[in-house]
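Read off the chains here:
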Amino acid sequence: MPVNQPPSYRVGPDSFDTDNARLQRALDRYDEGKGLIGGDPNRRPRWLNPLPAEPAPAFRLHQSSETQLERLQIFLGSAPLEIEIGCGPGDFIINWAGQHPERHFLAFEIKLKLVNRIIKRARRQGIDNLWISDDDARYDLPRLLKPASVDVFHVLFPDPWWKPRHQARRLFVSPFVEILALLLRPDGVLRVATDVPGYGNALQKVIQTSGQFSQHRPELAEKFADAAATSRQAFCDKINRPYRFFYFTKQSLTT
Ligand SMILES: C[S@@+](CC[C@H](N)C(=O)[O-])C[C@H]1O[C@@H](n2cnc3c(N)ncnc32)[C@H](O)[C@@H]1O
């Protein structure tokens, strides 16, 4: 793939099934890293596919130096924090970070090739408020961040993982929603988009079932009116494929 070409996207089925028994068997082993993309992060070979050299704003929880992880912790704790999970080539987050120099941004993208591109693009644009990791976000988030420390989570066009044997990789299952709820500050925003109607229904259900979020609040779209399109969103626009954004807020302690 030439360096600056967007990733190629497929359009899968709109329907969306869950094999609950199979999913539950995977979730029972979630803490063992069941379904983690890239396998057990403790066993990832260090010499393969290195990240850009430190102090570039990139990290792996089990491979970056202590100094780098200290730098990261200072960054995470020193301004309001927004996190994108599965940022693809970074079209949204690079632009959003550029629009909000007073905020700090953390992005997760498991594809190292994309991570390298994002670091270069951000550097070229003089953006110094964005860090990134190619770790599986589901593993890092609860180990890296303090409860109620995140202002906004963006999860835009997550992979649906239709096949029953891949369900364990889906982001919107209850343990992941619990992590988001734990890390979001009260009234913090969970911003989600999908072009798969069945996934939209399923994710609303799992978010509502957690009891920790508001109903979808369409009026919050205004807050993100200047957000750039993601790469998948631009692909959908090009082929006239509908998609939907959802906005949920973390229930405040008093509600
Ligand atoms: C369908 S793409 C959408 C990318 C981008 N958000 C967009 O809208 O163009 C989903 C992305 O999430 C990444 N991804 C999937 N699961 C992930 C995980 N657990 N942690 C970090 N990235 C993940 C994939 O590598 C892929 O690039």
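Residues numbered from 1 in each chain as written. Predicted model: local features only at pLDDT ≥ 70, side-chain atom pairs only at ≥ 80, totals over all residues. Heavy atoms only, no water.

Things to note about the packing of aromatic side chains
Next up, step 1: Under the defined criterion, the tally for this structure stands at 14 aromatic pairs.
Next up, step 2: Relative to F108, the ring of F59 lies with its centre 6.3 Å away and its plane at 80 degrees, an arrangement referred to as edge-to-face. Placement of F59 in strand β1 (residues 58-59) and of F108 in strand β3 (residues 104-108) is noted, with a sequence separation of 49 residues between them.
Next up, step 3: Classification of F108 by relative accessible area gives buried; the value is 2%.
Next up, step 4: Judged by centre distance (6.0 Å) and plane angle (40 degrees), the rings of F75 and W131 are tilted. Of this pair, F75 sits in helix α2 (residues 66-77) while W131 sits in strand β4 (residues 130-133), placing them 56 residues apart in sequence. Both residues of the pair, F75 and W131, belong to the buried class.
Next up, step 5: One Lys or Arg, R143, reaches over the ring of Y139 and ends 3.6 Å from the middle of that ring.
Next up, step 6: Above the ring of F92, the side-chain terminus of R191 is found at 5.0 Å from the ring centroid. (Phe/Tyr/Trp six-rings, centres within 6.5 Å; stacked < 30°, edge-to-face > 60°. Helix = DSSP H or I, 4+ residues; strand = E, 2+ residues; numbered from the N terminus. Buried < 20%, exposed > 50% of the residue type's maximum accessible area, 1.4 Å probe, protein only. Lys NZ or Arg CZ within 6 Å of the ring centre and 35° of its normal.)

Considering the site of the ligand
Next up, step 1: The environment of the ligand is made up of 20 residues, and the closest members are E109, D136, L156, T230 and R232.
Next up, step 2: Backbone polar atom of L156 to a nitrogen atom of the ligand: 2.8 Å apart, as the coordinates give it.
Next up, step 3: When isolated, the ligand has an accessible area of 600 Å², and the protein chains bury 95% of it.
Next up, step 4: Tallied by class, the residues present in the shell around the ligand amount to 9 nonpolar, 4 polar and 7 charged. (Near = heavy atom within 4 Å. Polar contact = N/O pair within 3.5 Å; in protein donor to acceptor, adjacent residues only side chain to side chain. Areas by Shrake-Rupley, 256 points an atom, 1.4 Å probe, with all protein chains shown as cover. Nonpolar A, V, L, I, M, F, W, Y, C, P; charged D, E, K, R; others polar.)

Description of the environment of R22
Next up, step 1: Its place among the elements puts R22 in helix α1 (residues 20-27).
Next up, step 2: For the pair formed by R22 and A234, sequence separation is 212 residues and the distance between their alpha carbons is 34 Å.
Next up, step 3: Other than its neighbours up to four places away in sequence, R22 contacts P164, R165 and Q167. (Contact = heavy atoms within 4.5 Å.)

With respect to α1
Next up, step 1: Taken as a whole, α1 has its buried residues at L23, A26 and L27. Down the axis, α1 shows its buried residues gathered within 100 degrees of arc, on one side only.
Next up, step 2: Against α6 (174-183) lie the buried residues of α1. (Arc of directions from axis to C-beta.)

Considerations on the nonpolar core
Next up, step 1: Judged by nonpolar contacts, the single largest core of 45 residues is most densely connected at I83, I85, L141, F153, F172 and L190.
Next up, step 2: Considering each element in turn, this core owes the most residues, 6 residues, to α6.
Next up, step 3: With near-sequence residues (within four places) excluded, L141 lies in contact with I83, I85, F108, F153, F176, I179 and L183.
Next up, step 4: Counting residues in each nonpolar core, the second largest holds 29 residues, with I93, I132, L220 and F245 among its members. (Core = buried A, V, L, I, M, F, W, Y, C linked by side-chain atoms within 4.5 Å.)

A word on the sheet that holds β3
Next up, step 1: With mixed pairing, the 7 strands of this open sheet are ordered in space as β1-β4-β3-β2-β5-β6-β7. Strand pairing shows two members of the sheet lacking a second neighbour, β1 and β7 (244-249), which therefore form its edges.
Next up, step 2: Relative to strand β5 (residues 150-156), strand β2 (residues 81-85) runs parallel, the two being bridged by 3 bridges. Bridged to E84 within β5 is H154. (Pairing = 2+ DSSP bridges.)

A look at the packing of helix α5 (residues 137-144) against α6
Next up, step 1: One can describe the packing of α5 onto α6 by two numbers: an axis separation of 10 Å at closest approach and a directional angle of 30 degrees. Every pair of crossing elements has a handedness; the one defined by α5 and α6 is left-handed. Residues R138, L141 and P142 of α5 form the contact with α6, whose own contacting residues are F176, I179 and L183. (Axes fitted to C-alpha atoms, helices over the stretch in contact; angles between N-to-C directions. Left-handed = near helix turned anticlockwise from the far one by under 90°.)

Some thoughts on the pattern of salt bridges
Next up, step 1: Applying the stated rule across the entire model yields 9 salt bridges.
Next up, step 2: R121 serves as the salt-bridge partner of D91, at 3.0 Å between the closest nitrogen and oxygen. Highlighted residues: D91 in helix α3 (residues 91-99) and R121 in helix α4 (residues 112-124), separated in sequence by 30 residues.
Next up, step 3: Note on D91: relative accessible area 27%, which makes it partly exposed. (Salt bridge = Lys/Arg side-chain N within 4 Å of Asp/Glu carboxyl O.)

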